[in-house]
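Overview (structure and organization)
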Amino acid sequence: MRRLNRKKAFSLVKELDAFPKIPESYVETTASGGTVSLIAFTTMALLAFFEFFVYRDTWMKYDYEVDKDFSSKLRINIDITVAMRCQHVGADVLDLAETMVASDGLQYEPVIFELSPQQRLWHRTLLLIQSRLREEHSLQDVLFKSVLKGSPTALPPREDSPNQPFNACRIHGHVYVNKVAGNFHITVGKAIPHPRGHAHLAALVSHETYNFSHRIDHLSFGEEIPGIINPLDGTEKVCSDHNQMFQYFITIVPTKLYTYKITADTHQYSVTERERVINHAAGSHGVSGIFMKYDLSSLMVTVTEQHMPFWQFLVRLCGIVGGIFSTTGMLHGLVGFTVDVVCCRLKLGVYRSKQIHLLDGQLNNHEPLLTENHTH
């Protein structure tokens, strides 16, 4: 009686359960289903792992607008070494209105033009980076994201103390100019301003001492940002003649940089180079020296570092999980259906062949009976 009551109680509890249960006989465990589940979960884990790295990464967004700031000053950062003595060269700036800009911020430092082994290694590395930047422009985004405030990136100091005399002049510092086209140049003699423009005291310098072989360690416009490599950084030119002119035609683009590490107002620029030997007899006129003619673009570029929102990362993650579940389910069903069809056809083919064989045997067995009856 107690056992019967327990069975009735259990059956009553099962009937009161609001959630229907699937009988265990309806659930089938197969090796193919387990394999598909293992592949699906492994794929989901890998894609979620890679998606996390995509979420951590940032990219640079470029916006263009008209530059409306014409009243502020433009800063030119200069670090150039010329293979002449400091008393024989002079550097100054003339703007579009032939107005001479004060170059009090420039310093003249006697140095040796030849680099030390450590400096030469640094220079070769810089030239290698410059060549890669010309080939792959996307590397500039990496430089934008890696900038840090601090001391500017410049030629390291010499690790040795040579005994040879100084044969070059390092001109470094900065000058502030108006935001109009201008010409920064280094030529023979110190500059002397006068009402009709300016002139250089070159009469006291012998032509045999002219040597405008130079190295541009750094040239930038605007706020000086460490880590940013400019197009002319590392440029080195060696003269083939005493009277030689080097010209750089520069187009400056104002740039506002907003990253997670720094916010700065700087300028990018592109440059075209030209050099020629001054020979008045052959019709090549001009003045020996280094001339950098710059012009400002009317467009301003705003570079902003952006990051993927967290909600977008969650949506993409859910899409990965749901997409893999749906795709693996459909593929598993399609493969199972194909296997069932192929197996059924093979089974039907085997069954039909056996059936035909039996019929033939029966017919063969009946044939002698017919012949015997016919004989009888």
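Residues numbered from 1 in each chain as written. Predicted model: local features only at pLDDT ≥ 70, side-chain atom pairs only at ≥ 80, totals over all residues. Heavy atoms only, no water.

**Here's the deal with the environment of Y176**
- Structurally, the position occupied by Y176 is in strand β6 (residues 168-178).
- Among all residues touching Y176, those that are not within four sequence positions of it are K73, L74, R75 and V101. (Helix = DSSP H or I, 4+ residues; strand = E, 2+ residues; numbered from the N terminus. Contact = heavy atoms within 4.5 Å.)

**Some thoughts on the nonpolar core**
- Ranked by internal contacts, the top residues of the largest apolar core, which has 36 residues, are F184, I186, F212, L219, I250 and M292.
- Every element with two or more residues in this core is listed here: β2 (73-82), β3 (89-95), β6, β7 (182-188), β10 (214-222), β12 (244-258) and β14 (289-296).
- Here this core gets 5 residues from one element, more than from any other, and that element is β2.
- When near neighbours in sequence (up to four residues on either side) are disregarded, I186 contacts I80, V82, V89, G90, A91, I171, F212, G289 and I290.
- Of all hydrophobic cores here, the second largest spans 8 residues; its members include I225, I262, V301 and V303. (Core = buried A, V, L, I, M, F, W, Y, C linked by side-chain atoms within 4.5 Å. Buried < 20%, exposed > 50% of the residue type's maximum accessible area, 1.4 Å probe, protein only.)

**Concerning a nonpolar patch on the surface**
- A surface patch of nonpolar side chains, about 590 Å² in accessible area, is lined by L46, L47, F49, F50, F52 and F53.
- Locating L46 in the fold gives a position in helix α2 (residues 31-56).
- Its relative accessible area of 46% is what places L46 among the partly exposed residues. (Patch = residues over 30% accessible without salt bridge, like charges linked within 9 Å, V, L, I, M, F, W, Y side chains within 5 Å. Areas by Shrake-Rupley, 256 points an atom, 1.4 Å probe, with all protein chains shown as cover. Salt bridge = Lys/Arg side-chain N within 4 Å of Asp/Glu carboxyl O.)

**Details of the state of the cysteines**
- Applying the stated criterion across every chain, the model contains 1 disulfide.
- In this model C86 forms its disulfide with C169; the gap between the sulfur atoms is 2.3 Å. Negative torsions about the S-S bond denote left-handed disulfides, and the value of about 105° found for C86 with C169 makes this one right-handed. Pair noted here: C86 is in the loop between β2 and β3 and C169 is in strand β6, with a separation of 83 residues, a long-range link. Both residues of the pair, C86 and C169, count as buried. (Disulfide = S-S within 2.5 Å.)

**Description of the packing of aromatic side chains**
- Within the structure shown, the criterion is met by 4 aromatic pairs.
- When the ring of F310 is compared with that of F313, the centres are 6.2 Å apart and the planes differ by 40°; the resulting orientation is tilted. Remark: F313 and F310 occur in helix α5 (residues 310-375); sequence separation between them is 3 residues, near one turn of the helix.
- Taking the relative accessible area as the measure of exposure, F313 reaches 9% and is therefore buried.
- One aromatic cluster is present, formed by F221, Y269 and Y294 through successive ring pairs.
- Over the ring of F113 we find R215; its NZ or CZ atom is 5.1 Å from the centre of that ring. (Phe/Tyr/Trp six-rings, centres within 6.5 Å; stacked < 30°, edge-to-face > 60°. Lys NZ or Arg CZ within 6 Å of the ring centre and 35° of its normal.)

**Considering the pattern of salt bridges**
- Per the stated rule, a full pass over the model turns up 11 salt bridges.
- Where R170 meets D79, a salt bridge forms, and the shortest distance between an N and an O atom there is 3.0 Å. Here the residue R170 occupies a position in strand β6, and D79 occupies one in strand β2, the gap between them amounting to 91 residues.
- Three or more residues are tied together by salt bridges with common partners; here these are R120, R215, D217 and E236.

**With respect to the confidence of the model for the chain**
- Per-residue pLDDT for the chain averages 77, and the proportion of residues at 70 or more is 74%.
- With pLDDT under 50 throughout, residues 353-359 is counted as low confidence; its partners more than four residues away or in other chains account for 0 contacts.
- Long-range and interchain partners of residues 363-376, a stretch whose pLDDT sits below 50, account for 0 contacts in this model, where long-range means more than four residues apart. (pLDDT = per-residue confidence, 0-100.)

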